[in-house]
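Inside the fold
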Amino acid sequence: MALCICGQGMSSNNNNKDGVIFGSSSITCNNCQRLIHLECADLLVHQAQETSIFYCQICRPYTGPSTLKTITNHHRHNRNAENADQLPIQTGTPDFINYLKRSTSIPDARSMIDVKRMRGQQLSLKELILSGFDRPIIVESKNGLEMSIDPQFNLSTAHQYYPEDLIVDAIEVTRQIKVKTKLSYLLNQFKLNHDERQDVYAVRVIMSKNIKGEQFIPPRIVQRLSWVDMYWPDVPFKPLLTKYCFLSMRNAYNDFHIDIGAASAWYHIMKGEQTFYMIEPSNENLAHFEKWIKSENLHEIMFYRNAENVFKVKLTEGQTIFIPNGWIYSILTHDDTIAFGGYFLHSLNIAKQLSINDFLKSLEKPGLDFPSYELTNWYAAPNILKLAKENLKNQPPKHLSMGIAALIEKLRFWLQKSKSKRSTNEQQQQQLIPRAVNCSKIIRDLNRCLRKKKKINQNDNKDQIKIKSKDTIDQQQQQQQQQSSSTQPSTLTMNPEETKIKDLVDTADTSSNSNLKIKVNMKLAQDVIRSK
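In this report, we go over the structure that sits alongside the text.

So, how was this worked out
- Residues numbered from 1 in each chain as written.
- Predicted model: local features only at pLDDT ≥ 70, side-chain atom pairs only at ≥ 80, totals over all residues.
- Heavy atoms only, no water.
- Helix = DSSP H or I, 4+ residues; strand = E, 2+ residues; numbered from the N terminus.
- Buried < 20%, exposed > 50% of the residue type's maximum accessible area, 1.4 Å probe, protein only.
- Contact = heavy atoms within 4.5 Å.
- Areas by Shrake-Rupley, 256 points an atom, 1.4 Å probe, with all protein chains shown as cover.
- Pairing = 2+ DSSP bridges.
- Polar contact = N/O pair within 3.5 Å; in protein donor to acceptor, adjacent residues only side chain to side chain.
- Core = buried A, V, L, I, M, F, W, Y, C linked by side-chain atoms within 4.5 Å.
- Arc of directions from axis to C-beta.
- Salt bridge = Lys/Arg side-chain N within 4 Å of Asp/Glu carboxyl O.
- Expected span 1.5 Å × (residues − 1).
- Axes fitted to C-alpha atoms, helices over the stretch in contact; angles between N-to-C directions.
- Parallel < 35°, antiparallel > 145°, perpendicular 65-115°, else oblique.
- Left-handed = near helix turned anticlockwise from the far one by under 90°.
- Nonpolar A, V, L, I, M, F, W, Y, C, P; charged D, E, K, R; others polar.
- Phe/Tyr/Trp six-rings, centres within 6.5 Å; stacked < 30°, edge-to-face > 60°.

Observations concerning the overall build of the protein
Each helix and strand in the protein was counted, giving 15 helices and 15 strands. Burial status across the protein gives 45% buried among its 532 residues. Taking the contacts inside the protein whose residues are at least 6 apart along the sequence as the reference set, 73% of them involve residues at least 24 apart. Summed over its atoms, the accessible surface of the protein is roughly 29,100 Å², and 49% of this surface lies on carbon and sulfur atoms.

As structure tokens, this is what we get:
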């Protein structure tokens, strides 16, 4: 059999010539019968499956172009499906996108109820500690966020920022499938006119692969919150997740999801426009999400119809959104969009962070794990202990006390698990339990600190009860005195003459046996009155 037009044969492990797995790695030319690498044919797996007759580059001058299968519908992931009219609409398809754009069933977000709107200067660590980070936050411009983005970056210049052969993950939206291919191929697809595009892609590229990555800096608040940025040492396997570049074609749709490890996310629109459909991770909504994502026909189910308190937020050029831990959301792209963002674990919602991460693990779905999640929590633990000690005499934020209790329980579990399953791979073991952290001591100190705080709170409560009891007694005594004084005749203030008259009258009352004395006293009283 003839070799591929590149001069190489097929590899035995079903990879392409660069060793990257694409699924079925070749397609046969219907004219010369050569096996052609999909990369050499400039095709992805799903495109090869939709090709009816394929001709390689050598044969095309004589045979003409390849022939695609007939498109029978625009509402199913399989565009060539028979009897498609009898099948329901699926998410991501052209008909679904048109339906979603026309739909009025999802209301706009209400400011200060569904979302918070701030200026970049207002978004500080102190503000988040005081007001909490439980609702999405929208910042109208990057002024005050202390973030940096190279203004020269765009779809035309993006290839200058990355290696030519960089392999990236992407989603082909109309089929809702994940593809793995070269960034250069996807960038060429963006250059096509909208009518010439056969596929719609949403691409995520980590900025650590960027040749000029130092010119892209996330917002200052993300750097101050991120456990990875704040507490991780500089090691080869450090998870760099706060800096991504997101490229999305018009009509791209990323279905409802929860970010990896229930992490928070930030997202800045450099160019374009997108709508976020957002759902709070309440117990009811998480139960609906679990049922939906485990269903075999999840792409035929519009998840938001079963969820509670769904709302939408439209982001335009220059705006930034900060999404709390565990929120469920999807994204619809209206125009070709360039965005920057990332994911981060932090101390503001530790309890929820751990709880929803456990929930994601229970789903047993790929792509939901935060890299080195346990290790990140271990690195953060000593710093959380330090923060707890600093707040020991003061009243610590409520989220911190709850977070420490949840973290202690999880650290104990992880420590016990690491002892029972000792890895022979030293590096793998290091990625579970850091050498620089005395894990048992950290757990003991966190627990001791939590107990001390509870004791201080109990003593404070007792003192408050005593103070309240004393105040109650004082109030009761005052009320009794007021009541007793109200039952007694009122005492009039008298001048000396009036006092003398009263004394004379009183003397008259007590000397009723002597009529003469009474008359004299009355006479004297009258004289006093006249003289006045």
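What to know about the pairing of strand β12 (residues 264-279)
The buried fraction of β12 is high, at 14 of 16 residues. Two strands pair when backbone bridges link them, and β12 and strand β15 (residues 328-344) are joined in this way by 14 bridges, in the antiparallel orientation. Bridged to His 268 within β15 is Phe 340. Sheet topology places β12 next to strand β14 (residues 320-323); 4 bridges connect them, and they run antiparallel. Its bridge partner being in β14, Tyr 267 is matched across the sheet by Ile 321. Sheet analysis places β12 next to strand β13 (residues 310-316), joined by 7 bridges and oriented antiparallel. Along β13, the bridge assignment pairs Met 278 with Phe 311.

Describing the side chain of Ser 226
Relative to the assigned elements, Ser 226 resides in the loop between α6 (220-225) and α7 (227-231). One polar contact links the side chain of Ser 226 to the main-chain amide nitrogen of Asp 229, over a distance of 3.2 Å. Ignoring sequence-local partners within four residues, the contact set of Ser 226 consists of Thr 242, Phe 344 and Leu 345.

Points about unusual backbone geometry
Look at Asp 42: it is not a glycine, yet its phi comes out positive at around 60°. For Asp 42, the location among the structural elements is in the loop between β2 (35-37) and α1 (45-49). You can call Asp 42 partly exposed: its relative accessible area is 48%. Residue Met 112 is not a glycine yet carries a positive backbone phi of 65°. Position of Met 112 among the secondary structure elements: in the loop between α3 (94-102) and β5 (116-118). Residue Met 112 is classed as exposed on the basis of its relative accessible area, which comes to 60%.

Here we look at the side chain of His 75
Secondary-structure assignment places His 75 in the loop between β4 (67-68) and α3. Residue His 75 is classed as buried on the basis of its relative accessible area of 11%. Of the polar contacts made by the side chain of His 75, one reaches the backbone oxygen of Leu 87; its length is 3.2 Å. Those residues in contact with His 75 that lie beyond four places of it in its chain are Ala 84, Asp 85, Leu 87, Pro 88, Ile 89, Gln 90, Thr 93 and Asp 95.

As for the nonpolar core
Within the largest apolar cluster, 73 residues are counted, with the highest numbers of intra-cluster contacts made by Phe 153, Val 203, Phe 322 and Phe 340. Other than its neighbours up to four places away in sequence, Phe 322 contacts Leu 123, Phe 133, Arg 135, Pro 136, Ile 137, Val 139, Leu 145, Pro 219, Ile 221, Val 222, Ala 265 and Trp 266.

Section: α3
Looking at α3, one finds that the buried residues are Phe 96, Ile 97 and Leu 100. Down the axis of α3, the smallest arc covering the buried residues is 100°, so these residues share one side. Turning to α3, the residues buried within the fold contact β11 (253-258), β12 and β15.

Looking at the pattern of salt bridges
Inspection of every chain in the model, using the stated rule, returns 20 salt bridges. Arg 175 serves as the salt-bridge partner of Asp 199, at 2.8 Å between the closest nitrogen and oxygen. Linking Asp 199 in the loop between α5 (183-191) and β9 (201-206) with Arg 175 in the loop between β7 (167-172) and β8 (177-182), this pair joins segments that are 24 residues apart in sequence. Across the pair, exposure class does not vary: Asp 199 and Arg 175 are buried alike. Counted as one network, the salt bridges with shared partners bring together Glu 50, Arg 79, Glu 172, Arg 175 and Asp 199.

A look at helix α9 (residues 350-363)
Taking 1.5 Å of rise per residue, the 14 residues of α9 would be expected to cover 20 Å, and the 20 Å separating its terminal C-alpha atoms lies within 8% of that figure. Burial in α9 covers these residues: Ile 350, Gln 353, Leu 354, Ile 356, Asn 357, Phe 359, Leu 360 and Leu 363. Glu 364 lies just past α9 and shows a positive phi near 55°.

Digging into the pairing of β11
Most of β11 sits inside the fold, with 5 of its 6 residues counted as buried. The pairing of β11 with β15 spans 4 bridges and is classified as antiparallel. Note that in β15 the partner of Ile 258 across the bridge is Ile 328.

Side note on the packing of helix α8 (residues 283-293) against α9
For the pair α8 and α9, interaxial distance at closest approach is 11 Å and the crossing angle is 20°. On the basis of the axis angle, α8 is roughly parallel to α9. Crossing geometry of α8 relative to α9 is assigned as right-handed. On the side of α8, the interface is formed by Leu 286, Phe 289, Glu 290 and Ile 293, while α9 contributes Ile 356, Phe 359 and Leu 363. Looking at the contact of α8 with α9 residue by residue, the class counts come to 6 nonpolar, no polar and 1 charged.

Things to note about the packing of aromatic side chains
Under the counting rule described, the total for this entry stands at 22 aromatic pairs. With centroids separated by 5.0 Å and ring planes inclined at 70°, the aromatic side chains of Phe 153 and Tyr 161 adopt a geometry described as edge-to-face. Each of the two residues, Phe 153 as well as Tyr 161, counts as buried. Taken together through their ring pairs, the aromatic side chains of Tyr 244, Phe 246, Tyr 267, Phe 276, Tyr 329 and Tyr 343 make up a single cluster.

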